[in-house]
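Spelled out from the first residue to the last, the chains are:
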Amino acid sequence: CSANPNSAMSTLETLKAREAEVVEEFEFFDEWMDRYEHLIAQGKTLPAASESIKTDDNLIRGCQSKVWITAEKRDGLVYFTADSDAIITRGLVALLLRVYNGLAPEVLAQADFGFLQEIGLTEHLSPTRANGLQSMMKQIRLYGVAFQAVN
């Protein structure tokens, strides 16, 4: 049974629209301190995850702070639950979920995360945070790959 190509196409359009919205939002801020404040505000919108997801299996390796990401597939789309114990990292996770939640596995597997470079985030993070962000992006892609194989 193959996935509905129309659902992948429509979620690709959704992805592009979400990325453009985030880029536009961050362009509003001239100073990087303001962008960090916005990132922290994003983290505050992330619902607290239940303790049940905070397991070693869901822990993202390569992050200085603790970050947990888990996902499930419902109606052909992938939905993430995530949390972090650090305020900026929580903002990064919230931003990723805002853009990538509820998309087709095919779209997630091919995600390039280019919007993060467009908003300048990748070059303004400390090396340890940038490494953690790379690990989170890799995990989102891996869930996309894994869920392509699951009906």
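The preceding data block contains the structure.
Remember, it's a predicted structure, so these values are computed and weren't measured experimentally.

Draft legend 1. Here's a closer look at the overall build of the chain. Assigned secondary structure in the chain consists of seven helices and two strands. Element order for the chain, N to C, with α for helix and β for strand: α-α-β-β-α-α-α-α-α. Whereas a compact globule of 151 residues would reach a radius of gyration of roughly 15 Å, the chain reaches 15 Å, a difference of no more than 12%. Taken along the three principal axes of its C-alpha coordinates, the chain extends 50 × 35 × 25 Å. By the burial criterion, 47% of the 151 residues in the chain qualify as buried. Taking as baseline every contact in the chain between residues at least 6 positions apart, the subset at least 24 positions apart corresponds to 67%. Accessible surface, the chain: about 8,100 Å² in total, of which carbon and sulfur atoms supply 51%. One finds the centroid of the 14 positive side-chain charges in the chain at a distance of 6 Å from the centroid of its 21 negative side-chain charges.

Draft legend 2. Structural detail: the nonpolar core. Ranked by internal contacts, the top residues of the largest apolar core, which has 44 residues, are Phe80, Leu95, Leu96, Tyr100, Leu116, Leu121 and Met136. Only helix H1 (5-27), helix H2 (32-45), strand E1 (67-74), strand E2 (77-84), helix H3 (87-100), helix H4 (105-109), helix H5 (114-118) and helix H7 (127-148) provide two or more residues apiece to this core. Per-element accounting of this core gives the leading share, nine residues, to H3. Setting aside anything within four residues of it in sequence, one finds Tyr100 in contact with Leu15, Arg18, Glu19, Val78, Phe80, Leu108, Ala111, Phe113, Phe115 and Ile140.

Draft legend 3. Fine view of H3. Look at H3: 20 Å from first C-alpha to last across 14 residues, which is about the 20 Å you get at 1.5 Å a residue. Taking burial as the measure, the 14 residues of H3 include 12 buried ones, the bulk of the element. For H3, every residue scored as buried is listed here: Ile88, Thr89, Arg90, Gly91, Leu92, Val93, Ala94, Leu95, Leu96, Leu97, Val99 and Tyr100. Gly102 sits one or two residues past H3 and shows a positive phi near 75°.

Draft legend 4. Quick look at the environment of Ala17. Within the secondary structure layout, Ala17 lies in helix H1. In this structure, the C-alpha to C-alpha distance between Ala17 and Val78, residues 61 residues apart in sequence, is 18 Å.

Draft legend 5. Fine view of the side chain of Arg90. Counting through the fold element by element, Arg90 comes out in helix H3. With residues up to four places along the chain from it excluded, the contact list for Arg90 reads Gly43, Leu46, Pro47, Ala48, Asp83 and Ser84.

Draft legend 6. View of the packing of H2 against H3. Running from N to C, H2 and H3 cross one another at 70°; their axes reach a closest spacing of 7 Å. Considered as vectors, H2 and H3 are oriented roughly perpendicular to each other. Within the contact between the two elements, H2 uses Tyr36, Leu39, Ile40, Gln42, Gly43 and Lys44 and H3 uses Ile87, Ile88, Arg90, Gly91, Leu92, Ala94, Leu95 and Arg98. Within the contact of H2 with H3, the residues separate by chemical class into eight nonpolar, three polar and three charged.

Analysis parameters
Residues numbered from 1 in each chain as written. Predicted model: local features only at pLDDT ≥ 70, side-chain atom pairs only at ≥ 80, totals over all residues. Heavy atoms only, no water. Helix = DSSP H or I, 4+ residues; strand = E, 2+ residues; numbered from the N terminus. Rg over C-alpha atoms; globule rule 2.2 N^0.38 Å. Buried < 20%, exposed > 50% of the residue type's maximum accessible area, 1.4 Å probe, protein only. Contact = heavy atoms within 4.5 Å. Areas by Shrake-Rupley, 256 points an atom, 1.4 Å probe, with all protein chains shown as cover. Lys, Arg positive; Asp, Glu negative; His and termini not counted. Charge placed at Lys NZ, Arg CZ, Asp CG, Glu CD. Core = buried A, V, L, I, M, F, W, Y, C linked by side-chain atoms within 4.5 Å. Expected span 1.5 Å × (residues − 1). Axes fitted to C-alpha atoms, helices over the stretch in contact; angles between N-to-C directions. Parallel < 35°, antiparallel > 145°, perpendicular 65-115°, else oblique. Nonpolar A, V, L, I, M, F, W, Y, C, P; charged D, E, K, R; others polar.

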